[in-house]
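Secondary and tertiary structure notes
For reference, the chains in residue letters:
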Amino acid sequence: EKGGFKHFMLKEIHEQPHAIRETLAGRVSLDEGRVYLDPTDIPDADWQAFTRLVIPACGTSWHAALVGKVLIEELARLPVEVDYASEFRYRNPLLDERTLVVVITQSGETADTLAALREAKQRGCHTFAICNVPGSMAAREAHGVLLTHAGPEISVASTKAFTSQIVALYLLALHLGQCRGTLSPTAVMKHVEQLLALPVKLEAALEQDAAIAELSREFFRASDFLYLGRGVNFPIALEGALKLKEISYIHAEGFPAGEMKHGPNALIDERLPVVMVMPREVGHAASELRYEKTLSNLQEVKARDGRVIAIVTEGDTEAAGLAEYVIPIPATSELLSAVLAVVPLQLLAYHIAVRRGCDVDQPRNLAKSVTVE
Ligand code: M6R
């Protein structure tokens, strides 16, 4: 049942290329430069008229929402607010009929996320669910659904559902861009090309598995970890930290790299592993700027004797010259780098947890889906 893998989590990490292929299948056309969502109850005119999106979610799905914010703001030029479902539902959120409320939930059964969906419907909003379980409550109740075809996810720690959610959000962003005219067919075509190249790049990212298993020897006794990233990779830093804490019980925190000076720098000493998520898109001015800034953060961590593990684009010699360890991922656009950059973080958490003798698939105190509050 685990297909030769020791744990479901490892199997699911390795299923990511397939999960992404399935999530894209039938939804993109290179010839036409278009994406196709499954039919929804939301009229075309309303798709064009949205002025804002709100995305309530929990846990890893909330991290996907933060990635989605960057994607949708960049590609469809619509403002996006991300909220914890448990905060959204107990507030008095500002919503109107031109707000699209998108819930993201692997299981489609998370109590707070369902409550957020119902609250949005009750207030007259159009709702949309990105969900991995056909027939789940979220999939049945939302006005529109985009199913991630990741297949059943057994491990409590979410992996393949997360990368599939990001790809689904990318499709949603392209769809909104198409409807609103912010993206031409030629532009959509370029994005579709990059999406279709992802599965093979994920396979390449997974080839680091053995090297990361080796690296985990060096770090599995650490008591704390810091994860840093910028832009679309800031939520990846948060996700890397969540993976590590939930399965290895090591305290870990994620921060935007630019926040270090505002407090977290005080934590750095020669015992602290700092994972820096810093892919670069060569030739993209804003991406290069973020990269340069993160590179100087790396130097600051080093100056304080922190132990840097850098996730970098293959061929990057600058970061490689400074970090204690580097894990390369294939080159892609910065927007899609999040999908590749999370893979080494999943593997690092996994191998550390295994070395610590933890119950990887069933971590203490956690349930796969939080259907009660
Ligand atoms: O099924 P959902 O996506 O709604 O679940 C949300 C969270 O409970 C879930 O992502 C949780 O954080 C995972 N254990 C993270 O690995």
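This text follows the structure it describes.
Since the structure is predicted, the reported quantities are computational estimates derived from the model, not experimental observations.

Here's the deal with the site of the ligand
Around the ligand there are 13 residues in total, and Ser61, Thr105, Gln106, Thr110 and Glu246 lie nearest to it. In the environment of the ligand, an oxygen atom lies 2.6 Å from a nitrogen or oxygen atom belonging to the side chain of Ser61. Contact between the ligand and Thr105: an oxygen atom at 2.7 Å from a side-chain N or O atom of the residue. Considering the ligand on its own, with 410 Å² of exposed area, one finds that the protein chains cover 90% of that surface. Broken down by secondary-structure element, the contributors of at least two residues to the shell around the ligand are helix H4 (59-76) and helix H11 (234-248). At 3 residues, the largest contribution of residues to the shell around the ligand is made by H4. Partitioned by chemical class, the residues of the shell around the ligand number 3 nonpolar, 8 polar and 2 charged.

A look at the sheet that holds strand E11 (residues 307-313)
On the basis of which strands lie adjacent, the open sheet formed by 5 strands has the order E9-E8-E10-E11-E12 and parallel pairing. Looking at the sheet topology across the chains shown, the edges are occupied by strand E9 (251-256) and strand E12 (325-329). Strand-to-strand twist of the sheet, defined as the mean angle between neighbouring strand axes without regard to direction, takes the value 20°. Relative to E9, strand E8 (residues 224-229) is paired through 6 bridges, and the arrangement is parallel. Following the sheet pairing, Leu226 is matched in E9 by Glu253. Against the sheet, helix H10 (residues 209-219) touches E8, strand E10 (273-277), E11 and E12, its axis set at about 150° to E12. Across the sheet, helix H14 (residues 334-355) touches E8, E10, E11 and E12, and the angle it forms with E12 is around 135°.

Comments concerning the nonpolar core
In this structure, Ile72, Phe128, Phe225, Tyr227 and Ile236 are the most contacted members of the largest nonpolar core, which totals 91 residues. No other element matches H14, which puts 15 residues into this core. When neighbours within four sequence positions are excluded, Ile236 is seen to be in contact with Val67, Phe162, Ile166, Val277, Ala338, Ala341, Val342 and Leu345. Grouped together as the second largest cluster of nonpolar side chains are 19 residues, Phe255, Met260, Leu272 and Ala319 included.

Some points on the side chain of Thr23
Along the chain, the position of Thr23 falls in helix H2 (residues 16-24). Thr23 gets classed as buried once you look at its relative accessible area, which sits at 0%. A polar contact of 3.1 Å, which involves the side chain of Thr23, links it to the backbone nitrogen of His149. Those residues within four positions of Thr23 in sequence are excluded, and the remaining contacts are Thr148, His149, Ala150, Ser164, Val167, Ala168 and Leu171.

Thoughts on the packing of H2 against helix H8 (residues 160-180)
The N-to-C vectors of H2 and H8 enclose an angle of 30°; their axes lie 9 Å apart at closest approach. Considering the angle they form, H2 stands roughly parallel to H8. At the point where H2 passes H8, the crossing takes the right-handed sense. Residues Gln16, Ala19, Ile20, Thr23 and Leu24 of H2 form the contact with H8, whose own contacting residues are Lys160, Thr163, Ser164, Val167, Ala168 and Leu171.

Section: H14
Here H14 contains 22 residues, and its C-alpha end-to-end distance of 32 Å stays within 8% of the 32 Å for a straight helix at 1.5 Å per residue. Most of H14 is tucked away, with 20 of its 22 residues classed as buried. Just past H14, the residue Gly357 takes up positive phi, approximately 75°.

Things to note about the side chain of Ser337
Looking at the secondary structure, you find Ser337 in helix H14. Here Ser337 falls in the buried class, since its relative accessible area comes to 2%. In terms of polar contacts, Ser337 uses its side chain to reach the side chain of Asn233, at 3.1 Å. Leaving out residues up to four positions away in the same chain, Ser337 has contacts with Val232, Asn233, Pro279, Ile329 and Thr332.

About the cut-offs
Residues numbered from 1 in each chain as written. Predicted model: local features only at pLDDT ≥ 70, side-chain atom pairs only at ≥ 80, totals over all residues. Heavy atoms only, no water. Near = heavy atom within 4 Å. Polar contact = N/O pair within 3.5 Å; in protein donor to acceptor, adjacent residues only side chain to side chain. Areas by Shrake-Rupley, 256 points an atom, 1.4 Å probe, with all protein chains shown as cover. Helix = DSSP H or I, 4+ residues; strand = E, 2+ residues; numbered from the N terminus. Nonpolar A, V, L, I, M, F, W, Y, C, P; charged D, E, K, R; others polar. Pairing = 2+ DSSP bridges. Axes fitted to C-alpha atoms, helices over the stretch in contact; angles between N-to-C directions. Contact = heavy atoms within 4.5 Å. Core = buried A, V, L, I, M, F, W, Y, C linked by side-chain atoms within 4.5 Å. Buried < 20%, exposed > 50% of the residue type's maximum accessible area, 1.4 Å probe, protein only. Parallel < 35°, antiparallel > 145°, perpendicular 65-115°, else oblique. Left-handed = near helix turned anticlockwise from the far one by under 90°. Expected span 1.5 Å × (residues − 1).

Taken by themselves, the reported measurements are silent on function.
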